Amino acid sequence: MSGRIPREFIDDIIARSDIVELIDSRVRLKKAGRNHQACCPFHEEKSPSFTVSQDKQFYHCFGCGAHGNVISFLMEFDRLEFPEAIEELARYHSIEVPREKRWGSSSIG
Ligand SMILES: [Zn+2]
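Residues numbered from 1 in each chain as written. Predicted model: local features only at pLDDT ≥ 70, side-chain atom pairs only at ≥ 80, totals over all residues. Heavy atoms only, no water.

As recorded in an unreviewed UniProt entry, the chain goes by the name DNA primase, listed as coming from Paraglaciecola psychrophila 170. Annotation of the chain in UniProt includes, under Cofactor (unreviewed entry), the sentence "Zn(2+)". (UniProt positions renumbered as here; feature names shortened; annotations may be inferred.)

As structure tokens, this is what we get:
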């Protein structure tokens, strides 16, 4: 296993990402006023109660209570672990995920 992903990189990649664009690449969103809506991908429904806020960069479902940011969406929707979600986001931006070197460890990788 490689080292930890630096905190600043995580903050930076979240800041670079547009949650509307990312979710729209997986679930077709419809613009509704200032927000975007879709039928929730996390529960069965016929009328859309899944809302994505571009301003706040989070999603919220009034039906099942699913809520989070771009990383939680990837974790829930793609069923990824946190570091995998970061990797996925990095791939999306075509950048490489840096890893912190682990000090005091005799063997790395
Ligand atoms: Zn839902």
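A. Focus on the coordination of the zinc ion. Protein coordination at the zinc ion: the donors are Cys 40 (SG), His 43 (ND1), Cys 61 (SG) and Cys 64 (SG), at 2.0 to 2.3 Å from the metal. Taken together, the 4 donor atoms coordinating the zinc ion span angles of 104 to 120° at the metal, a pattern that classifies the geometry as tetrahedral. Look at where the donors of the zinc ion fall in the sequence and you get C-x2-H-x17-C-x2-C. For Cys 40, a relative accessible area of 7% translates into the label buried. (Donors = N, O, S within 2.8 Å, 3.2 Å for Na, K, Ca; no water. Tetrahedral: all angles 85-135°; square planar, octahedral: opposite > 155°, others 65-115°. Buried < 20%, exposed > 50% of the residue type's maximum accessible area, 1.4 Å probe, protein only.)

B. Representation of the packing of helix α1 (residues 7–16) against helix α4 (residues 82–92) in the model. Where α1 contacts α4, the two axes come as close as 10 Å, and the packing angle between them is 50°. Classified by the angle between their axes, α1 and α4 sit oblique to one another. In this structure, α1 meets α4 at a crossing whose hand is left-handed. Contacts between α1 and α4 involve Phe 9, Ile 10 and Ile 13 from the first element and Phe 82, Ile 86, Leu 89 and Ala 90 from the second. Grouping the constituent residues of the contact of α1 with α4 by class yields 7 nonpolar, no polar and no charged. (Axes fitted to C-alpha atoms, helices over the stretch in contact; angles between N-to-C directions. Helix = DSSP H or I, 4+ residues; strand = E, 2+ residues; numbered from the N terminus. Parallel < 35°, antiparallel > 145°, perpendicular 65-115°, else oblique. Left-handed = near helix turned anticlockwise from the far one by under 90°. Contact = heavy atoms within 4.5 Å. Nonpolar A, V, L, I, M, F, W, Y, C, P; charged D, E, K, R; others polar.)

C. Geometry of α4. Burial in α4 covers these residues: Ala 85, Ile 86, Leu 89 and Ala 90. Angular distribution of buried residues about the axis of α4 spans 140°; they occupy a single face of the element. Along its buried surface, α4 packs onto α1, α2 (19–24) and α3 (70–77). Two residues or fewer past α4, Ser 94 is found with a positive phi of approximately 55°. (Arc of directions from axis to C-beta.)

D. View of α1. Listed in full, the buried residues belonging to α1 are Phe 9, Ile 10 and Ile 13. Looking straight down α1, one finds that the buried residues subtend no more than 100° of arc, so they occupy a single side. Residues of α1 that are exposed and point more than 90 degrees away from the buried face comprise Arg 7, Glu 8 and Ala 15. The inward-facing, buried residues of α1 contact α4.

E. Geometry of the side chain of Glu 45. Within the secondary structure, Glu 45 is located in the loop between β2 (35–38) and β3 (50–53). A distance of 2.5 Å separates the side chain of Glu 45 from the backbone nitrogen of Cys 40, its partner in a polar contact. A distance of 3.2 Å separates polar atoms of two side chains, one belonging to Glu 45 and the other to His 43. Among residues more than four places away in sequence, those in contact with Glu 45 are Ala 38, Cys 39, Cys 40 and Phe 50. (Polar contact = N/O pair within 3.5 Å; in protein donor to acceptor, adjacent residues only side chain to side chain.)

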